[in-house]
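Chain by chain, the residues:
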Amino acid sequence: MSNKVLITNNQKAVKIPAGIKILVRRSCNAVLAIEGFTEPCEVSVTFVDNAEIAELNGQFRNKPKETDVLSFPLGEDDTYDVDQDTGAILLGDIVISLEKAMEQAELYGHSLQREVAFLTVHSMYHLLGYDHENGGLEAMKMREKEEQALAKLGLQRTVSYGIDVE
């Protein structure tokens, strides 16, 4: 599979743990595998701080406050732009506030890795056209798919973090 996940760090608020970039790539590929998306594609993931994501949220969603993740899909109705040089389908951009992810990981009592994996998976489903804004069945379907992807990564919600039980 020749999927490209471009990862950029534009923040200094949180030290990026070892292995997080590999986890982000695995998260993107888990969603693509579950969705049966076999064509080569490209996704951009950028790590920012709360100030930058609040600015983007204000600019693009008219909600000038911090949030955990923003998705900027390049596709519409299963039609995507294609990189003319590589032939890869351009799915879009994911922007994650590592600062917010760290706060939420502490709040929910799990690792930063688990939080970043969830936010990446969540955003990938947005890039593939899923939506939860209206709630109901669509939101439930998206949540189930997210859980399926996290299970594929070995990060089910039922796992207790920090405790090795043999």
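Residues numbered from 1 in each chain as written. Predicted model: local features only at pLDDT ≥ 70, side-chain atom pairs only at ≥ 80, totals over all residues. Heavy atoms only, no water.

K.L.:
Got a minute to help me understand the packing of aromatic side chains in this structure?
P.N.:
Given two aromatic rings, one states the distance between the centres and the angle between the planes to describe the pair. For the structure shown, the criterion picks out three aromatic pairs. Ring geometry for phenylalanine 37 and tyrosine 80: centres 6.3 Å apart, planes at 85°, overall edge-to-face. Highlighted residues: phenylalanine 37 in the loop between helix 1 (20–34) and strand 2 (41–48) and tyrosine 80 in the loop between strand 3 (69–73) and strand 4 (81–82), separated in sequence by 43 residues. Residue classification places phenylalanine 37 among the buried positions, given a relative accessible area of 14%. Between the aromatic rings of phenylalanine 60 and phenylalanine 72, the centroid separation amounts to 5.0 Å while the plane-to-plane angle is 70°, which identifies the pairing as edge-to-face. Here the residue phenylalanine 60 occupies a position in helix 2 (residues 50–61), and phenylalanine 72 occupies one in strand 3, the gap between them amounting to 12 residues. (Phe/Tyr/Trp six-rings, centres within 6.5 Å; stacked < 30°, edge-to-face > 60°. Helix = DSSP H or I, 4+ residues; strand = E, 2+ residues; numbered from the N terminus. Buried < 20%, exposed > 50% of the residue type's maximum accessible area, 1.4 Å probe, protein only.)

K.L.:
I tried to follow the pattern of salt bridges on my own but got confused; where do I start?
P.N.:
Any two side chains of opposite charge can pair, on the condition that their charged atoms come close. Under the criterion given, the structure shown has four salt bridges. One salt bridge connects lysine 145 with glutamate 35, and the closest N-O pair in it is separated by 2.9 Å. Of this pair, lysine 145 sits in helix 5 (residues 136–152) while glutamate 35 sits in the loop between helix 1 and strand 2; the two residues are 110 residues apart in sequence, bridging distant segments of the chain. In this structure, arginine 143 and glutamate 146 form a salt bridge, with 3.3 Å as the shortest nitrogen-oxygen distance. Placement of the pair is arginine 143 and glutamate 146 together in helix 5, with a separation of three residues, close to one helical turn. For glutamate 146, a relative accessible area of 2% translates into the label buried. (Salt bridge = Lys/Arg side-chain N within 4 Å of Asp/Glu carboxyl O.)

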